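So you can see what is in the structure, the chains are spelled out below.
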Amino acid sequence: MSILDKRAALKAEIDKVAEVAGYLWQKGWAERNGGNITVNITQWADDAMRALPAISAAQPIGKTLPRLKGCWFYCKGTGRRMRDLARDPMANGSIIRILDDCASYEIVADAPVAPTSELPSHLAVHDYLLAKGSPYRASLHTHPIELVALTHSRQWMEKDAATRMLWSMIPETKAFCPRGLGMVPYMLPSSVELAEATIRAIDEDYDVVMWEKHGVFAVDTDIMDAFDQVDVLNKAAQIYIAAKNMGFTPEGMSDAQMKELSDVFHLPK
Ligand code: 2HA
Ligand code: ZN
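Computed from a predicted structure; not experimentally measured.

What counts, and at which threshold
- Every residue gets a number counted from 1 within its own chain, in the order that chain's sequence is written.
- Chains and ligands are labelled sequentially in the order written, the chains with letters from A and the ligands with numbers from 1.
- With the structure being a predicted model, the display of local features is reserved for residues of pLDDT at least 70 and the display and counting of side-chain atom pairs for 80 or more, all residues being used for whole-chain, interface and lining totals.
- Note that water and hydrogens are dropped before the side-chain values are worked out from all heavy atoms of the structure.
- Donor atoms (N, O, S) are those found within 2.8 Å of the metal centre, with the cutoff raised to 3.2 Å for Na, K and Ca; water is not part of the atom list, so apparent gaps in a site can occur.
- Elements are defined by DSSP. Helices are runs of H or I of four residues or more, strands are runs of E of two residues or more, and each kind is numbered from the N terminus.
- The buried label goes to any residue with under 20% of its type's maximum accessible area, the exposed label to any with over 50%, and the partly exposed label to all in between, with areas taken from a 1.4 Å probe on protein chains only.
- Side-chain rings of Phe, Tyr and Trp (the six-membered ring for Trp) are treated as a pair once their centres are within 6.5 Å; stacked means planes under 30 degrees apart, edge-to-face means over 60, and tilted covers the remaining angles.
- A cutoff of 4 Å decides nearness: a residue is near a molecule or strand if any of its heavy atoms lies inside that distance of it.
- We define a polar contact as two N or O atoms separated by no more than 3.5 Å, with the added condition that, inside protein, one atom must be a possible hydrogen donor and the other a possible acceptor, whereas residues neighbouring each other in sequence contribute only through side-chain atom pairs.
- For accessible areas, the Shrake-Rupley method is used with a probe of radius 1.4 Å. Any residue's cover is judged against the shown protein chains and nothing else.
- Under the grouping applied here, Gly and all other residues not named as nonpolar or charged are polar, the nonpolar ones being Ala, Val, Leu, Ile, Met, Phe, Trp, Tyr, Cys and Pro and the charged ones Asp, Glu, Lys and Arg.

**Student:** Before we go on, may I ask you to explain the coordination of the zinc ion (ligand 2) in this structure?
**Tutor:** Tetrahedral coordination by four donors places them ideally at 109.5 degrees to one another around the metal; octahedral coordination by six donors ideally gives 90 or 180 degrees. Protein ligation of the zinc ion (ligand 2) involves His-141 (NE2), His-143 (NE2) and His-214 (NE2), the donor distances falling in the range 2.0 to 2.1 Å. The sequence pattern formed by the donor residues of the zinc ion (ligand 2) is H-x1-H-x70-H. A residue pair is termed long-range when its members are at least 10 positions apart, and His-141 in strand β6 (residues 138–142) and His-214 in the loop between β8 (208–211) and β9 (215–220) qualify at 73 residues. Each member of the pair, His-141 as well as His-214, carries the same accessibility label: buried.

Below is the structure:
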């Protein structure tokens, strides 16, 4: 890819971040500074970018992440609002590069906006994805209302109980979120334990992981695809709730209908 093509591709990725940030706000999933977005943009870093001076001192990540040596990321800024990021992603987030010690980073562009306190958790997930040879380059944390509400019930926190219910609400759910919804019990936001439990759930083969009474963490090839998986799951939760509000428990698609769908669309589970 030529330098100009790389720049255009990088701009398209950042534009997608802004578009998704706007959707998160419009959906009511991103109150105040809620949520986070981190995108591995290393494939678009060119010599001109590599020559850019740092605009911050080296900052410790708090972890050593060997796969991230020389990697570049777009990260939402600490305390910044998704609705502001939607208007101006480079004033409400920044581009960082990981230094050769794999344990610190510096901010390179556009402004010295410090990443969120969740950066170590997001970077640990990206390190894991690279170690696995995954093509996934984007991670999203957000607070989807109906999915978070589900996690306030023991019934839906049981492994794959919510997955089965959500898949059965409308055929698209399993087709477009074929790995379902992983469940992580309540843990302190931004804690090392939460990050490790999230990676274990992704490793179990989930792209979307629910944090009990808090939100979702999703990974995919780009930020739009990560958003789409969460959107599809939350839509299914809304259909369940709509039926409940009409005074009945929805029937759901039958096991035979689910199996037919999986066979025809070659879905993994
Ligand atoms: O990044 O949502 O859980 C802000 C949050 C913390
Ligand atoms: Zn959160």
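Once you've had a look at it, read on.
**Student:** Would you mind going over the packing of aromatic side chains with me for this structure?
**Tutor:** The geometry of an aromatic ring pair is captured by two quantities: the separation of the ring centres and the angle between the planes. Inspection of the entire model under this criterion finds four aromatic pairs. Plain terms: the ring middles of Tyr-23 and Phe-227 are 5.4 Å apart, the flat faces sit at 35 degrees to each other, and that makes the pair tilted. Highlighted residues: Tyr-23 in helix α1 (residues 3–26) and Phe-227 in helix α10 (residues 223–245), separated in sequence by 204 residues. Residue Tyr-23 is classed as partly exposed on the basis of its relative accessible area, which comes to 28%. Relative to Phe-217, the ring of Trp-211 has its centre 5.7 Å away and its plane inclined at 25 degrees; by these criteria the two rings are stacked. Per residue, the accessibility class of Trp-211 equals that of Phe-217, and both read buried.

**Student:** Looking at this model, I keep getting lost on the site of ligand 1. Mind explaining?
**Tutor:** Taken together, the residues surrounding ligand 1 are Asn-33, Gly-34, Gly-35, Glu-118, His-141, His-143 and His-214. Within the contact set of ligand 1, an oxygen atom lies 3.1 Å away from a side-chain nitrogen or oxygen of His-141. His-214 places a polar side-chain atom, nitrogen or oxygen, 2.8 Å from an oxygen atom of ligand 1. Taken by itself ligand 1 offers 220 Å² of open surface, and the protein chains cover 82% of this. Looking at the shell around ligand 1 residue by residue, the classes come out as no nonpolar, six polar and one charged.

**Student:** Help me out: how do you make sense of the environment of Gly-62 in this one?
**Tutor:** Along the chain, Gly-62 turns up in the loop between β2 (59–60) and β3 (72–76). With 114 residues separating them along the chain, Gly-62 and Phe-176 place their C-alpha atoms 35 Å apart.

As far as function goes, none of this settles anything; it's purely spatial.
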